[in-house]
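# Architecture at a glance
Residues per chain are reported as follows:
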Amino acid sequence: MIFMQESQLIEEIHNCKRCESIGGRKYVLLEGKKTPLDFGVSLKQFKIIFVVESPPVSGVYFWNLESKSRVRKRLLNQLVKAGLMKNQSLEEFKEEYYCTDAVKCPFQENKNQNANPPMKALENCRRFILREIQYCEPKIVCTLGKTPLKAFLKVKRFRLEDFAGKIVEESYLREDAKNLRCQFFSSWFPTPRAGIPENDKVQNMKILKDILKK
Ligand SMILES: [Zn+2]
């Protein structure tokens, strides 16, 4: 494995301009802090890497404790309920888990509303997320929501309900994802969306806990 310096990765992410033409990059450049590494998270071995969509356009962010991130609040709550954590604490979370974005550019619909990143942005950013996973050697990569799962699947069209709560079968994975030698598990986005009951999300985290024990 090629040794990767965190500072090198962070610099590459900040300097990437591939999404500029599709409206992603300018916000990152304006606001700066948009990756876990910007908030002093060190890449090391993690048991689980949670992958969400893309950083919000506002200063609200999972790793930014100065902001009230609904994703952080919900995810930590679900992990506690599932028995994967004792307390809803980011300090405890980062001992064994990591949470990062499939797309590093925030996409904006209007002033405060986030937009789904286009497929092109997922392709542009795959090289970053693959390296993060490669470096952290997690046992499981858990995608939260449909967009992050797209980054690893061969199929372009699918229904999240067909994948949620399960390990992704190898035959569905793209070659470079398969080569990472970890298991991919799919679940729902942690905040209320599309009427998925909270309990289903907790249930999936319990399944994740069982897989981790094996
Ligand atoms: Zn991008």
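These notes cover the structure that comes with them. Computed from a predicted model, the values in this text were never measured in an experiment.

## Structural notes on the sheet that holds strand S2 (residues 97–101)
- Pairing is mixed in the open sheet, where 5 strands are placed in the order S2-S1-S3-S5-S4. On the outer flanks of this sheet lie S2 and strand S4 (166–167), each paired with one strand and no other.
- As defined by bridge partners, S4 adjoins strand S5 (residues 183–187) across 2 bridges and the pair is classed as antiparallel. Looking at S5, one finds that Lys-166 is bridged to Ser-186.

## Section: the nonpolar core
- The biggest cluster of nonpolar side chains holds 45 residues, and the ones touching the most others in it are Ile-49, Phe-50 and Val-51.
- If you list the elements that add at least two residues to this core, you get strand S1 (48–52), helix H3 (70–82), S2, helix H5 (119–136), strand S3 (140–144), S5 and helix H8 (198–213).
- Per element, the largest residue contribution to this core is 6 residues, and it comes from H5.
- If we ignore the near neighbours within four places in the chain, the residues touching Phe-50 are Leu-75, Tyr-97, Cys-99, Cys-142 and Leu-144.

## Topic: the packing of H3 against H8
- Packing of H3 against H8 leaves a shortest axis separation of 8 Å and a crossing angle of 60 degrees. Relative to H8, the element H3 lies oblique. As for how H3 packs across H8, the hand of that crossing is right-handed. Contacts between H3 and H8 involve Gln-78, Leu-79, Lys-81 and Ala-82 from the former and Lys-201, Val-202, Met-205, Lys-206 and Lys-209 from the latter.
- A class-by-class count of the residues in the contact of H3 with H8 yields 4 nonpolar, 1 polar and 4 charged.

Rules used in this analysis
Residues numbered from 1 in each chain as written. Predicted model: local features only at pLDDT ≥ 70, side-chain atom pairs only at ≥ 80, totals over all residues. Pairing = 2+ DSSP bridges. Helix = DSSP H or I, 4+ residues; strand = E, 2+ residues; numbered from the N terminus. Core = buried A, V, L, I, M, F, W, Y, C linked by C-beta atoms within 7 Å. Buried ≥ 20, exposed ≤ 12 C-beta atoms within 10 Å, placed from the backbone. Contact = placed C-beta atoms within 7 Å. Axes fitted to C-alpha atoms, helices over the stretch in contact; angles between N-to-C directions. Parallel < 35°, antiparallel > 145°, perpendicular 65-115°, else oblique. Left-handed = near helix turned anticlockwise from the far one by under 90°. Nonpolar A, V, L, I, M, F, W, Y, C, P; charged D, E, K, R; others polar.

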